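# Commentary on secondary and tertiary structure
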Amino acid sequence: MTQPKEFWVKNMVCSRCLKVIKQELQELGITVLSLELGKLLVEAPDLSKAQINQEVTQVLHANGFEIVKSEEEMLVERIKIILIEQLDELPLTLKVKTSEHLSSSLHRDYKALSKLFSSKEKTTIEKYFIKLKIEKVKELIQLKQHSFSDIGYLLDYSSVNHLSRQFKDVVGMSMTDYKNTENWKRNYYDEIM
């Protein structure tokens with residue numbers, strides 16, 4: 001009997017991703033023991049480790065994912081997942097600075113995490129988190145259930161002006177123009193960089 005095999009997966013950042021991967025692996029006779037954003041634990045008593053690696057790799061590649069090969073890549077993916085998970089529950093209430101939250105969650109010095117993230121992703125953690133927040137703003141605008149002030153509050157902006165400036169810097173148009181065009185373009189979290 002083979003031991004369970006753990007994989008770290010790049011760009012697996014939504015719950016729909018989890019469902020698809022789980023279903024496709026189960027169809028191949030691979031038991032999914034644990035599946036969470038960015039991390040997969042499987043076993044297949046009838047397959048060798050090499051066969052498990054091949055099958056899992058094929059399923060992941062067919063769905064646009066990659067297996068993380070190094071500890072550095074794993075850390076970068078974990079940073080992304082932690083930031084994305086912060087936006088799952090609104091209102092966003094940052095009790096500690098993002099840098100402190102990442103450092104304590106990953107048990108690493110923030111400067112080292114920041115340097116690693118910047119070297120691998122060609123952007124800073126702060127800029128990445130701003131882009132994530134702006135994607136959430138786009139989603140909330142499209143829902144048409146909140147005023148801009150409410151959206152600013154939900155995403156922990158100090159003021160609607162601060163939110164407006166960041167939105168325009170990232171998107172290239174004002175929130176009002178974005179709302180009125182209704183030609184909405186949003187990015188999936190795994191496409192943000």
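Residues numbered from 1 in each chain as written. Predicted model: local features only at pLDDT ≥ 70, side-chain atom pairs only at ≥ 80, totals over all residues. Heavy atoms only, no water.

The name that an unreviewed UniProt entry assigns to the protein is AraC family transcriptional regulator, with the source organism given as Winogradskyella poriferorum.

### As for the overall build of the protein
Which entries qualify depends on this criterion: Helical segments are the DSSP runs of H or I of at least four residues, strand segments are the runs of E of at least two, and each set is numbered from the N terminus. Buried means the residue's accessible area, taken with a 1.4 Å probe over protein chains only, is under 20% of the maximum for its type, while exposed means over 50%, and partly exposed covers the values in between. What makes two residues a contact is simply this: any of their non-hydrogen atoms within 4.5 Å. With residues, only the protein chains shown are counted as cover, and all accessible areas are computed by Shrake-Rupley using a 1.4 Å probe.
Secondary structure summary: the protein contains 9 helices and 4 strands in total. Listed N to C, the secondary structure of the protein is β-α-β-β-α-β-α-α-α-α-α-α-α in terms of helices and strands. Considered along the principal axes of its C-alpha atoms, the protein spans approximately 60 × 40 × 25 Å. Counting every position in the protein, which comprises 193 residues, the buried fraction comes to 38%. Taking the intrachain contacts of the protein between residues at least 6 apart in sequence as the baseline, contacts between residues at least 24 apart amount to 64%. Accessible surface, the protein as shown: approximately 11,100 Å² in total, 47% of it carbon and sulfur.

### Describing the packing of helix 1 (residues 15–27) against helix 2 (residues 49–62)
Using the following cut-off: Each axis is a line fitted through C-alpha atoms, and for a helix only the stretch in contact is used; angles between axes span 0 to 180 degrees, taken between their N-to-C directions. Roughly parallel means an angle under 35 degrees; roughly antiparallel means over 145; roughly perpendicular covers 65 to 115; every other angle is labelled oblique. Handedness of a helix crossing follows the sense of rotation of the near helix relative to the far helix, less than a right angle counterclockwise being left-handed and clockwise being right-handed. Throughout this entry, Asp, Glu, Lys and Arg are counted as charged residues, while Ala, Val, Leu, Ile, Met, Phe, Trp, Tyr, Cys and Pro are counted as nonpolar. The remaining residues, Gly among them, count as polar.
Closest axis-to-axis distance for the helix 1/helix 2 pair is 10 Å, and the angle between their directions is 140 degrees. Between helix 1 and helix 2, the crossing angle belongs to the class labelled oblique. As helix 1 packs across helix 2, the resulting crossing turns out to be right-handed. Residues Ile 21, Glu 24 and Leu 25 of helix 1 pack against Val 56, Val 59 and Leu 60 of helix 2. Partitioned by chemical class, the residues of the contact of helix 1 with helix 2 number 5 nonpolar, no polar and 1 charged.

### Some remarks on unusual backbone geometry
Along the chain, Leu 90 connects to Pro 91 via a cis peptide bond; the corresponding omega equals 5 degrees. Structurally, the position occupied by Pro 91 is in the loop between helix 3 (71–86) and helix 4 (98–106). Phi angles above zero are rare outside glycine, and Asn 11 is one such case at about 75 degrees. You will see that Asp 156, though not glycine, has its phi angle at about 65 degrees, which is positive. Here Asp 156 is to be found in the loop between helix 7 (148–154) and helix 8 (160–171). Owing to a relative accessible area of 37%, Asp 156 belongs among the partly exposed residues under this scheme.

### Considerations on the nonpolar core
Note the following rule: Here the nonpolar core consists of buried residues drawn from Ala, Val, Leu, Ile, Met, Phe, Trp, Tyr and Cys, with membership extended through side-chain atoms lying within 4.5 Å.
If you look at the biggest cluster of nonpolar residues, it comprises 33 residues, and the most contacted ones within it are Ile 79, Leu 83, Leu 132 and Val 137. Ranked by residues supplied to this core, first place goes to helix 6 (residues 125–143) with 9 residues. Ignoring sequence-local partners within four residues, the contact set of Leu 83 consists of Thr 98, Leu 102, Ile 125, Tyr 128, Phe 129 and Leu 132. Among the nonpolar cores identified, the runner-up in size contains 21 residues, and Phe 7, Cys 17, Val 32 and Leu 40 belong to it.

### Remarks on a negative patch on the surface
Stated formally: Patches here: salt-bridge-free residues with over 30% relative accessible area, like charges joined within 9 Å, nonpolar side chains (Val, Leu, Ile, Met, Phe, Trp, Tyr) joined within 5 Å. One side-chain nitrogen of Lys or Arg within 4 Å of one carboxyl oxygen of Asp or Glu is enough to make a salt bridge. Working convention for charge: Lys and Arg count positive, Asp and Glu count negative, and His plus the chain ends are omitted. Here the site of a charge means atom NZ of a Lys, CZ of an Arg, CG of an Asp or CD of a Glu.
A cluster of acidic side chains, namely Glu 36, Glu 85, Asp 88 and Glu 89, defines a negative patch on the protein surface. Structurally, Glu 85 is set in helix 3. For Glu 85, a relative accessible area of 42% gives the class partly exposed.

### What to know about the sheet that holds strand 1 (residues 5–10)
For clarity, the cut-off: In this scheme, strands are said to pair when DSSP sees at least two bridges between them.
What the 4 strands build is an open sheet, ordered 2-3-1-4; its pairing is antiparallel. Of all strands in the sheet, those with a lone pairing partner are strand 2 (31–36) and strand 4 (66–67), marking the two edges. Relative to strand 3 (residues 39–43), strand 1 is paired through 4 bridges, and the arrangement is antiparallel. Its bridge partner being in strand 3, Trp 8 is matched across the sheet by Lys 39. Across the sheet, helix 2 lies against strand 1, strand 3 and strand 4, angled at about 25 degrees from strand 1, the strand it touches most.

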